[in-house]
Amino acid sequence: MSEIQKNAPLISQLLATWIKGENSESYTLANYANAAAILFQNMTAVNWAGFYLYHAETNTLALGPFLGKPATALIAPDKGVVGNAFTAQKTIVVPDVHAFSGHIVCDVDSNAEIVIPITTANGQKIGVLDIDSTQLNRFSKQEQADLEHFVQTLIQYIEVS
Ligand code: SME
């Protein structure tokens, strides 16, 4: 059982408490920030959790709300795990970041990473959820599925311009 599954009642409760304002512009930033905090606080061996948000006018992914060490501010859509997952529109699970060609180091303690694209139901690309772990092979298939479900829940509370 993945940690997200194990903590599902708590995570549902936290989402219900802290993620507000369906499709409300005023809550979007707070919802990203609280989502990062919920994941960071409820997953073991996670040293970074947050968002990169796509800006079409500059064709870059810009650092959004996160918890962890300061990180690279701008990532091009063809760079890093973040850019590759965004461009492919597919989750990338990296069991060992040292073996991923083009991995962008933000925290030297990171050993594994998962990046999940955030896309609206009508196909608009919003950005990605990025989670780093100090533990090699940290993200299981089940946890990938649970985190993708988490993103699907969150997207309902994100205002898309
Ligand atoms: N490792 C990412 C960069 C972002 S930090 O992990 C927070 C990448 O390769 O895209």
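Scroll up a little and you will see the structure.
Quick notes on the rules
Every chain begins its residue count from 1, and numbering advances along the sequence as written. Only residues with pLDDT of 70 or above have their local features reported here, since the model is predicted, and side-chain atom pairs are shown and tallied only from 80 upward, although totals for entire chains, interfaces and linings are computed over all residues. Hydrogens and water are ignored here; the side-chain numbers use all heavy atoms of the structure. Only strands joined by at least two bridges in the DSSP assignment are considered to pair. Put simply, DSSP marks the helices as runs of H or I at least four residues long and the strands as runs of E at least two long, and each gets a number from the N terminus on. Every residue pair with non-hydrogen atoms within 4.5 Å of one another is taken to be in contact. Only the stretch in contact is used when a helix axis is fitted, and all axes are lines through C-alpha atoms; the angle between N-to-C directions ranges over 0 to 180 degrees. Each residue is tested against the molecule or strand, and it is near if at least one of its non-hydrogen atoms lies within 4 Å. Polar contact criterion, stated in full: a pair of N or O atoms within 3.5 Å, where within protein one must be able to donate a hydrogen and the other to accept it, and residues adjacent in sequence count only if both atoms are side-chain atoms. Per-residue accessibility takes into account occlusion by the displayed protein chains alone, with areas from the Shrake-Rupley method and a 1.4 Å probe. The criterion is simple. A nonpolar core is a set of buried Ala, Val, Leu, Ile, Met, Phe, Trp, Tyr and Cys residues joined through side-chain atoms within 4.5 Å. The cut-offs for exposure are 20% and 50% of the maximum accessible area for each residue type, with area from a 1.4 Å probe on protein chains only; residues under the lower value are buried, those over the upper are exposed, and the others partly exposed. Oblique is the label for any angle not under 35 degrees, not over 145, and not in the 65 to 115 range, which are roughly parallel, roughly antiparallel and roughly perpendicular in turn. A crossing counts as left-handed when the near helix is turned anticlockwise from the far one by less than a right angle, and as right-handed when that turn is clockwise. Following the grouping adopted for this structure description, the nonpolar residues are Ala, Val, Leu, Ile, Met, Phe, Trp, Tyr, Cys and Pro, the charged ones are Asp, Glu, Lys and Arg, and the polar ones are all others, Gly among them. Stacked, tilted and edge-to-face are the three classes applied to pairs of Phe, Tyr and Trp rings, where Trp contributes its six-membered ring and a pair requires centres within 6.5 Å; stacked means planes under 30 degrees apart, edge-to-face means over 60, and tilted covers the rest. Any Lys NZ or Arg CZ found within 6 Å of a ring centre and within 35 degrees of that ring's normal is scored as a charge over the ring.

Caption draft 1: Representation of the sheet that holds strand E2 (residues 60-68) within the structure. Taken together, six strands build an open sheet; the order of strands is E3-E2-E1-E6-E5-E4 and the sheet is antiparallel. Edge strands, defined here as strands with exactly one partner in the open sheet, are strand E3 (74-75) and strand E4 (92-94). For E2 and E3, the ladder comprises two bridges, and the chain directions are antiparallel. Pairing of Ala62 across the sheet is with Leu74, part of E3. Docked against the sheet, helix H4 (residues 80-88) engages strand E1 (46-55), E2, E3, E4, strand E5 (112-119) and strand E6 (125-133), running at close to 140 degrees with respect to E6. Contacts from helix H5 (residues 141-155) reach E1, E4, E5 and E6, with the element oriented near 35 degrees to E5.

Caption draft 2: Main features of the site of the ligand. Around the ligand sit 13 residues, and of these Val81, Val82, Ile104, Cys106 and Asp132 come closest. At a separation of 2.7 Å, a nitrogen atom of the ligand approaches a polar backbone atom of Ile104. In the environment of the ligand, a nitrogen atom lies 3.0 Å from a nitrogen or oxygen atom belonging to the side chain of Glu113. Starting from 310 Å² of accessible surface for the ligand in isolation, the protein chains cover 100%.

Caption draft 3: Seen up close, the nonpolar core. Grouped together as the largest cluster of nonpolar side chains are 28 residues, with contacts concentrated most on Leu39, Met43, Phe51, Ile131 and Leu147. Excluding residues that lie within four positions of it along the chain, Met43 makes contacts with Glu3, Ile4, Ile131, Arg138, Phe139, Glu143 and Leu147. Of all hydrophobic cores here, the second largest spans 14 residues; its members include Tyr52, Val82, Phe86 and Val94.

Caption draft 4: Local environment of the packing of helix H2 (residues 8-18) against helix H3 (residues 28-42). Orientation of H2 relative to H3, taken along the N-to-C sense of each, is 160 degrees, at an axis distance of 10 Å. Classed by the angle they form, the pair H2 and H3 counts as roughly antiparallel. Judged by the sense of rotation from one axis to the other, the crossing of H2 with H3 is right-handed. Here H2 contributes Leu10, Ile11, Leu14, Leu15 and Trp18 to the contact with H3, which in turn contributes Asn31, Asn34, Ile38 and Asn42. Taken together, the residues of the contact of H2 with H3 break down into six nonpolar, three polar and no charged.

Caption draft 5: Structural detail: the packing of aromatic side chains. Scanning all chains against the criterion turns up four aromatic pairs. What links up through ring pairs into an aromatic cluster is the set Trp48, Tyr52 and Phe66. Sitting over the face of the ring of Phe86, Lys125 holds its NZ or CZ atom 5.8 Å from the ring centroid.

Caption draft 6: Seen up close, unusual backbone geometry. With a phi angle near 55 degrees, Gln89 is a residue other than glycine that sits in the positive phi range. With respect to the helices, strands and loops of the structure, Gln89 is situated in the loop between H4 and E4. Among the residues examined, Gln89 registers a relative accessible area of 27% and is labelled partly exposed. In the Ramachandran plot, Asn137 falls in the positive-phi region, its phi being about 55 degrees despite a non-glycine side chain. Mapped onto the secondary structure, Asn137 falls in the loop between E6 and H5. Look at Asn137 and you get exposed, because its relative accessible area is 57%.

Caption draft 7: Examining the packing of H3 against H5 more closely. Put simply, H3 and H5 touch, their axes get as near as 11 Å, and they point 155 degrees apart. Judged by the inter-axis angle, H3 sits roughly antiparallel to H5. In terms of crossing hand, the pair formed by H3 and H5 is right-handed. Two secondary-structure elements touch here, H3 through Asn31, Tyr32, Ala35, Ile38 and Leu39 and H5 through Leu147, Phe150 and Leu154. Classifying every residue of the contact of H3 with H5 by side-chain character gives seven nonpolar, one polar and no charged.

Geometric descriptors of this kind do not, in isolation, establish any biological role.
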